[in-house]
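# Remarks on the overall topology
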Amino acid sequence: MEPVLCIERLSVGYAQRAANLEAVQQVSLAVAPGECLGIVGESGSGKTQVFMAAMGLLSRKASVSGSVRFAGSELLTAPPSSLNRVRGSKLTMIFQDPMTSLTPHLKIGVQLAEVLVRHAGMSWRDAWVQAGLMLERVQVPEHQRRLRQYPHELSGGMRQRVMIGMSLLCEPLLLIADEPTSALDATVQAQIIDLLRTVREGIGMALVLISHDFSVVAGLADKILVMYAGRVVECATAADLLSHPRHPYTAELLKCVPTLSGPRLQRLPTLAGQPPRPGEVSAGCAFAPRCPRAADRCRSERPPLADSADSQVACHFPLSS
Amino acid sequence: MSGLAGEAIRRFKENRAAVIALLAISVVVALALVGPWINPNDIETLDWRHLGSPPGAQGAHWFGTDRLGRDLFARTLAGTRVSLGIGLVASVMSLCVGVGYGAVSGYRGGRIDNVMMRIIEILSGLPLIFFVILLTVIFGRNENLLFISIGAVGWLTMARIVRGQAMSIRQREFIEAAVASGAGAGRIIVRHVIPNVIGPVIVYATLMVPQIILFESFLSFLGLGVQEPRASLGTLIAEGAGEMEAASWILLVPGGFLAILLLSLNIVGDGLRDALDVKES
């Protein structure tokens, strides 16, 4: 089946005085209709940059190359007017911080209804009714009253529900959720993940879930893609990747996830060292300095992302599955 | 009222000085507007029987007459109308042109911002007095020149203020969210940028009006503005300054009106700044 989002050899660079900082390097990925793709990586691994580039949200300073096709049409070269027809209707995005993603001086109902008025050509009256129904669907209590409230009158979890509701108004083909739960506390986090699962099943849209937290991704994703230093290091189905990681980085990351069963640890395991700073180029594998399995070859030759059966891994010495 | 505006109005009402000042402005404005109907005297008729008579002494002239026997109340109200008119022109210019210009410049940034700001710098580099004198030389003495020249430069500072605000608002996440929802640049500026700068804008507009009124008085005092027999607060004060020792009311009446207007506008401006200073959530 034709993928809904297809990113090919996407690179994002920032020109600095001396060098060109490569935030994203040659990333390719595809999201099938209705599929949930989890993107995992540390801060600065480029996971957000990939999708900001796809949405055309990067600053002018960024130089972007490669190709991003959404539902068959190229986004990177599209003029703003045609991009604006897609963004917010068929391709939507929600952000990490729901506290600041809503315009402070407009009522929730107006902000929701405006999306329908603009993208679906509804009248304000109809759009207002639809906005109320949507708030009910994303489980906002007292939804009729909330329509008339301002963003600062809602809690963080509630605002993220509103953002999710807003992104669903035009029945998108793909929702990009960039760390949707990172700014919320743990119980609300679980509710939001549940909500995303329910609404996704409801309208059969594809979902890209960006997170630094495996436990958030694990519950939702069909496929997981791991990024490190601007590159894809591993991509496999969620079940395979979680039970049999093949890239040492994935394996090390998974070891850091605290579990409830098993002996209680004195210290939580951590991954030693720091990820390379942007602009720090090495000929070999970017993870080599921190990798327990690194050999000389890893430091001199960069491993390509190799296909095997139904997974991809960029490692000279992958763990056997 | 739960809205943001309601909240601001409530805070403004709690500020007693600001409310009183607002009342004083309303009274002055009302007097200036209805003056010709409640006062039987006009601004240029000479009353030979009452030359330079003090206020209240003769029933016909409530605030007395000047040296030529013209009714001071009528002249002061006419002067107030001119001053308020100029204040109004300047604030309308700065609200319409200044806010729009600044918001576009700040939001678009980059080269557009660069060009737009250089234009502002060139305009504000013109010395205003020189500009007025030049216009007077070219077009002859005309009250409207005062409006034109003040209108032409009154919006520059506002544009700079709004630009600065727009630049910081552009970084906020709700703008990013709006872009991601498919809103175009024009829509974002009108719907998301301008409403969020409205607080400082209103405050600056109220504080600017007294400055402009003062500037008009200054020009008229120099003889560049409103000419006899028409009056503005500036010309009246200039005239009164000459008679200060013999007939102090000729200075004190227009001076008092100007002082009340300026003081009240400043207090209201401060009150608005406090009332509109919205702490986020």
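An account of the accompanying structure is given in this report. In this text, all values refer to a predicted model and were calculated from it rather than measured experimentally.

The rules we used
Residues numbered from 1 in each chain as written. Chains lettered and ligands numbered in written order. Predicted model: local features only at pLDDT ≥ 70, side-chain atom pairs only at ≥ 80, totals over all residues. Contact = placed C-beta atoms within 7 Å. Helix = DSSP H or I, 4+ residues; strand = E, 2+ residues; numbered from the N terminus. Nonpolar A, V, L, I, M, F, W, Y, C, P; charged D, E, K, R; others polar. Axes fitted to C-alpha atoms, helices over the stretch in contact; angles between N-to-C directions. Parallel < 35°, antiparallel > 145°, perpendicular 65-115°, else oblique. Left-handed = near helix turned anticlockwise from the far one by under 90°. Buried ≥ 20, exposed ≤ 12 C-beta atoms within 10 Å, placed from the backbone. Pairing = 2+ DSSP bridges.

### So, the interface of chain A and chain B
- Chain A puts 23 residues into the contact, and the matching count from chain B is 18 residues.
- Of all elements in the fold, only helix H2 (80-86) and helix H3 (108-119) of chain A reach the threshold of two or more residues within the side of chain A that touches chain B.
- Within the side of chain A that touches chain B, the residues separate by chemical class into nine nonpolar, nine polar and five charged.

### Remarks on the packing of helix H9 (residues 185-222) of chain B against helix H11 (residues 249-276) of chain B
Residues and elements named next belong to chain B.
- The contact between H9 and H11 brings their axes to 8 Å, and the two run at 165°. Put simply, H9 runs roughly antiparallel to H11. Along this stretch, H9 crosses H11, giving a crossing that reads as left-handed. When H9 is examined against H11, the residues Gly-199, Ile-202, Val-203, Thr-206, Leu-207, Val-209, Pro-210, Ile-213, Leu-214 and Ser-217 are found in contact with a partner set consisting of Leu-258, Leu-261, Leu-262, Leu-265, Asn-266, Val-268, Gly-269, Leu-272, Arg-273 and Leu-276.
- Looking at the contact of H9 with H11, its residues break down into 14 nonpolar, five polar and one charged.

### Quick word on the pairing of strand E10 (residues 231-237) of chain A
All names here are of chain A.
- Counting buried positions along E10 yields six of seven residues, so the element is predominantly enclosed.
- Joining the antiparallel neighbours strand E9 (residues 223-228) and E10 is a turn of two residues, in which Ala-229 adopts a positive phi near 50°.
- Pairing geometry for E10 and strand E12 (residues 311-313), over two bridges, is antiparallel. Its bridge partner lying in E12, Cys-235 is registered against Gln-312.

### Thoughts on unusual backbone geometry
Residue and element names in this part refer to chain A.
- In this model, Ala-71 sits at a positive phi of 50°, which is unusual for a non-glycine residue.
- By secondary structure assignment, the location of Ala-71 is in the loop between strand E4 (62-70) and strand E5 (73-74).
- What makes Ala-71 partly exposed here is the crowd of 16 C-beta atoms within 10 Å.
- Its identity is not glycine, yet Glu-171 carries a phi of approximately 50°, on the positive side.
- With respect to the helices and strands, the residue Glu-171 is situated in the loop between helix H6 (156-168) and strand E7 (174-178).
- Judged by the 13 C-beta atoms lying within 10 Å of it, Glu-171 falls in the partly exposed class.

### Considering the sheet that holds strand E8 (residues 206-211) of chain A
Residues and elements named next belong to chain A.
- Read across the sheet, eight strands follow the order E6-E7-E8-E3-E9-E10-E12-E11 without closing on themselves; strand pairing throughout is mixed. Each end of this open sheet is capped by a strand with a single partner; those strands are strand E6 (91-94) and strand E11 (306-308). The sheet shows a mean angle of 20° between the axes of neighbouring strands, direction not considered.
- As paired elements, strand E3 (residues 36-40) and E9 share four bridges and run parallel to each other. Considered in E9, the bridge of Val-40 is made with Val-226.
- The strands touched by H6 are E6 and E7; relative to E6, the strand with the most contacts, the crossing angle is about 175°.

### Let's talk about helix H8 (residues 173-180) of chain B
- Of all the eight residues making up H8 of chain B, six are buried; the element is thus mostly covered by neighbouring parts of the structure.
- By the burial criterion, the buried members of H8 of chain B are Phe-174, Ile-175, Ala-177, Ala-178, Val-179 and Ala-180 of chain B.
- Its buried side turned inward, H8 of chain B meets helix H1 (47-55) and E6 of chain A together with helix H7 (156-170) and H9 of chain B.
- Note on H8 of chain B: the residue one or two positions beyond its end, Gly-182 of chain B, has a positive phi of about 85°.

### Quick look at the sheet that holds E5 of chain A
All names here are of chain A.
- Taking strand neighbours across the sheet as the criterion, the four strands line up as E2-E1-E4-E5 in an open arrangement whose pairing is antiparallel. Looking along the sheet, the strands with just one partner apiece sit at the ends: strand E2 (20-31) and E5.
- Direction of pairing for strand E1 (residues 5-15) relative to E2: antiparallel, over a ladder of eight bridges. Residue Ile-7 lies in a different strand from E2, and its bridge partner there is Leu-29.
- Where H1 meets the sheet, it contacts E1, E2 and E4, and its direction lies at approximately 105° from that of E1.

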